[in-house]
Amino acid sequence: RSLRTFPLTWTSSGHDLIVSSQLEDGETSRLFHLSVDSGEMAQITDPPAEVRGDFFPAITPEGGTLAFARAVGMASGNVYLLDLTDDLTPIGEPREITSQNSQIRGITWSENGEEIVFSAGSNQYPNLWRLGRHGGGPPRRLAFAGDGVRHPVISPRSHRLVYEHYQVTDNVWRQELVPGTGQAVGPPVPLISSSRRDVTPAYSRNGSKIAFSSNRTGEYEIWICDNDGSDLLQLTSFGRGMVGSPRWSPDDTQIVFDSRVHEGQSDVFVINAQGGSLRRLTTHPADDFPRIWSRDGNWIYFISRRSGAFEVWKLSPEGEEAG
């Protein structure tokens, strides 16, 4: 059996573990009660087959309630609670207590078991949030921790919270090459930079513009600039989720990209290079990743697992799939 560590957690008795595991490679992850002495596993949760699975288990100090993250896709999920008997048998069905639809990066309980603290947000810059066990309003952000915070743990006795602070900065550099040879000329020089992540750059076909993904405003969006890094323009304004991998159309008037903003899965979008007129081309529950335009601009080729395995598909810029 393939165990995942997202992370493991002890039961309230301190004798056994609750783990996230797959029955088979590639299947939805479930939560299991793992006996440390015997190695036997008993299934606790049974998420729908179309979701990514259940992760980050955290049980209350008294052991009666399990909190966990149910991930719809790579970057979208919510926190659930499940009541348990003394032997960790589920009572009823899990109940969703958040609706942020963002990536969960850790859950912990308060000392009295009345609140949870969890990490949620974008992949690189999640925040800490606080929420009562029985609701009572939306989660409250713990602003003192800043962003880029994940894997919180509250000590059951010392009144302390510990967490991981994680920062990633990526910049776009330019390397001059000898035409036709690929040989480098001189050292690389910085071209596009910020205090956060600027990634997946793509030149327009005529070489005058660069499209890229950046979370410099707090969330990932598609940006374009001149080929010297100047005259920046933000094209999208999703305000949440992962957005990236821009590709220019052959006539440089449109940009295709992928986004996980809706329902958690990656879908294909097209936007005019001057901004506005955003179109969502795919809505299938499976992840769709655009890769390239056809030479005549009549088709967009993308990778999808909608058939059960990753295959190459194509559709028109208007969203019409090939027959």
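Notes on the structure follow.

Moving on: the sheet that holds strand β24 (residues 279-280). The sheet built from four strands is open, its strands ordered β21-β22-β23-β24 with antiparallel pairing. The two strands at the open ends of the sheet, each matched to only one other strand, are β21 (243-248) and β24. In this structure, strand β22 (residues 254-259) lies alongside strand β23 (residues 267-272), joined through six bridges in antiparallel fashion. Bridge pairing links V256 to V270 in β23.

It is worth spelling out the environment of G135 at this point. Looking at where G135 falls in the secondary structure, it is placed in strand β12 (residues 135-141). What makes G135 partly exposed here is its relative accessible area of 38%. A C-alpha to C-alpha distance of 9.0 Å links G135 and T98, two positions 37 residues apart in sequence.

Pairing between strand β11 (residues 126-132) and β12: three bridges, direction antiparallel. Paired with W129 across the strands is R141, a residue of β12. Linking β11 back to β12 in an antiparallel pair, the connection comprises two residues.

With that settled, the discussion passes to the pattern of salt bridges. In this structure the tally under the stated criterion is 14 salt bridges. Taking the shortest distance from any N to any O, the salt bridge between D54 and R70 comes out at 2.7 Å. With D54 in strand β5 (residues 53-59) and R70 in strand β6 (residues 65-73), this residue pair connects regions lying 16 residues apart in the sequence. For the pair D54 and R70, one class covers both residues: buried. A salt bridge links K209 to D226, with the nearest nitrogen and oxygen atoms 2.6 Å apart. With K209 in strand β18 (residues 209-214) and D226 in strand β19 (residues 221-226), this pair connects stretches of sequence that are 17 residues apart. Judged by its relative accessible area of 24%, K209 is partly exposed.

Procedures and definitions
Residues numbered from 1 in each chain as written. Predicted model: local features only at pLDDT ≥ 70, side-chain atom pairs only at ≥ 80, totals over all residues. Heavy atoms only, no water. Pairing = 2+ DSSP bridges. Helix = DSSP H or I, 4+ residues; strand = E, 2+ residues; numbered from the N terminus. Buried < 20%, exposed > 50% of the residue type's maximum accessible area, 1.4 Å probe, protein only. Salt bridge = Lys/Arg side-chain N within 4 Å of Asp/Glu carboxyl O.

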